[in-house]
Amino acid sequence: MTEIRLSWPTVKHSGIDTPETVDPRREVGCFGSEASTYNKLLTTGKTVYLEKDVSNTDKYGRLLRYVYLQSGEMVNEMLVREGYAYASAYPPDIKYQDHFEGLEKEARDANRGLWNACSSMISPTPDPKTFSCDCSKSCNDITTCEEATFQLRSCSCKHLDGNNDGIACNSLCR
């Protein structure tokens, strides 16, 4: 692992996604400000350690990393566990994805963070036995929010979240 003092937003936490806060073309996402504040509280001015998965950077040139505090706690994990972030797979960087998805389910079931504050905007993750992955589908091809959410969260069909707010097919799921 590499020791580094972070200058945000140079690092994108691998395996997770938080509600939008910085894109001037988009509204601040529900619980986005709280997630940003919590992340800064955990990391600003502190020495952190970074773990690379497969990719070095994302399409915006940010480092993709799992971020650890000196105590050994993983920040990515803490954000999901406390309901400040979603588990979000971006293959090939999926080393901890099953773990993050389990933490997201626990946070959702316990109504923590965004799962409480944004409950009217977030659809539950559907039973995966109901649908099969098909990233060739667009929002126009999908008839239910449950299927759209499955395609986004379980299959990583990121194009179904056009505004990057963590909600699939806003026309179906809002």
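Above this text sits the structure in question.
In this text the structure is predicted, and so the values were computed from the model without any measurement.

Undergrad: I keep staring at the overall build of the chain and nothing clicks. Help me out?
TA: On a plain count of helices and strands, the chain comes out with six helices and six strands. In the chain, the succession of α and β elements from N to C terminus is β-β-β-α-β-β-α-β-α-α-α-α. Out of the 174 residues in the chain, the part that is buried amounts to 46%. In the chain, once contacts between residues fewer than 6 apart in sequence are set aside, the share between residues at least 24 apart is 55%. For the chain, the computed accessible surface area is about 9,100 Å², with 50% contributed by carbon and sulfur atoms.

Undergrad: Looking at this model, I keep getting lost on helix 5 (residues 145–153). Mind explaining?
TA: Because an α-helix completes one turn every 3.6 residues, residues spaced three or four positions apart along the sequence face the same direction. Counting buried residues in helix 5 gives eight out of nine residues, a clear majority hidden from the surface. Of all the positions in helix 5, only Cys145, Glu147, Ala148, Thr149, Phe150, Gln151, Leu152 and Arg153 are classed as buried. The inward-facing, buried residues of helix 5 abut strand 6 (86–87), helix 3 (97–109), helix 4 (114–117) and helix 6 (170–173).

Undergrad: Explanation requested: the state of the cysteines in the structure shown.
TA: Here is the idea: a disulfide is a covalent bond, and it sits between the sulfur atoms of two cysteines. Counted by the stated rule, this structure contains four disulfides. Each sulfur of the disulfide joining cysteine 133 and cysteine 155 lies 2.0 Å from the other. Here cysteine 133 and cysteine 155 share a disulfide; its torsion about the S-S bond, -80°, makes the bridge left-handed. Within this pair, whereas cysteine 133 is found in the loop between helix 4 and helix 5, its partner cysteine 155 is found in the loop between helix 5 and helix 6, the two being separated by 22 residues in sequence. Of the residues examined, cysteine 155 reaches a relative accessible area of 14% and is grouped as buried. Across the disulfide from cysteine 135 sits cysteine 157; the S-S distance is 1.9 Å. Linking cysteine 135 and cysteine 157, the disulfide has an S-S dihedral of approximately -85° and is accordingly described as left-handed. Of this pair, cysteine 135 sits in the loop between helix 4 and helix 5 while cysteine 157 sits in the loop between helix 5 and helix 6; the two residues are 22 residues apart in sequence, bridging distant segments of the chain. Take cysteine 157: its relative accessible area is 1%, and that puts it in the buried class.

Undergrad: What am I meant to see in the pairing of strand 5 (residues 63–69) here?
TA: As a general feature of sheets, a regular strand has side chains that alternate between the two faces. Here strand 5 lies mainly inside the structure; six of its seven residues are buried. Note that strand 2 (residues 11–13) and strand 5 share three bridges and pair parallel. Paired with lysine 12 across the two strands is leucine 64, which belongs to strand 5. Pairing between strand 4 (residues 48–51) and strand 5: four bridges, direction antiparallel. By the bridge assignment, leucine 50 is partnered in strand 5 with valine 67.

Undergrad: Would you mind showing me how to read the packing of aromatic side chains here?
TA: One pair of aromatic rings is described through two measures. These are the centre distance and the angle between the planes. Taken as a whole, this structure holds six aromatic pairs when the rule is applied. Judged by centre distance (5.5 Å) and plane angle (90°), the rings of tyrosine 86 and tryptophan 115 are edge-to-face. Residue tyrosine 86 is located in strand 6, and its partner tryptophan 115 is located in helix 4; the two are separated by 29 residues in the primary sequence. The same class applies to tyrosine 86 and to tryptophan 115, which are both buried. For the ring pair tyrosine 96 and phenylalanine 100, a centre distance of 6.2 Å and an interplane angle of 50° mean the geometry is tilted. With a relative accessible area of 0%, phenylalanine 100 lands in the buried category. Of the aromatic side chains, those joined through ring pairs into one cluster are Phe31, Tyr38 and Tyr84. Over the ring of tryptophan 115 we find arginine 108; its NZ or CZ atom is 5.3 Å from the centre of that ring.

Conventions and cut-offs
Residues numbered from 1 in each chain as written. Predicted model: local features only at pLDDT ≥ 70, side-chain atom pairs only at ≥ 80, totals over all residues. Heavy atoms only, no water. Helix = DSSP H or I, 4+ residues; strand = E, 2+ residues; numbered from the N terminus. Buried < 20%, exposed > 50% of the residue type's maximum accessible area, 1.4 Å probe, protein only. Contact = heavy atoms within 4.5 Å. Areas by Shrake-Rupley, 256 points an atom, 1.4 Å probe, with all protein chains shown as cover. Disulfide = S-S within 2.5 Å. Pairing = 2+ DSSP bridges. Phe/Tyr/Trp six-rings, centres within 6.5 Å; stacked < 30°, edge-to-face > 60°. Lys NZ or Arg CZ within 6 Å of the ring centre and 35° of its normal.

The values are spatial; any link to function lies outside them.
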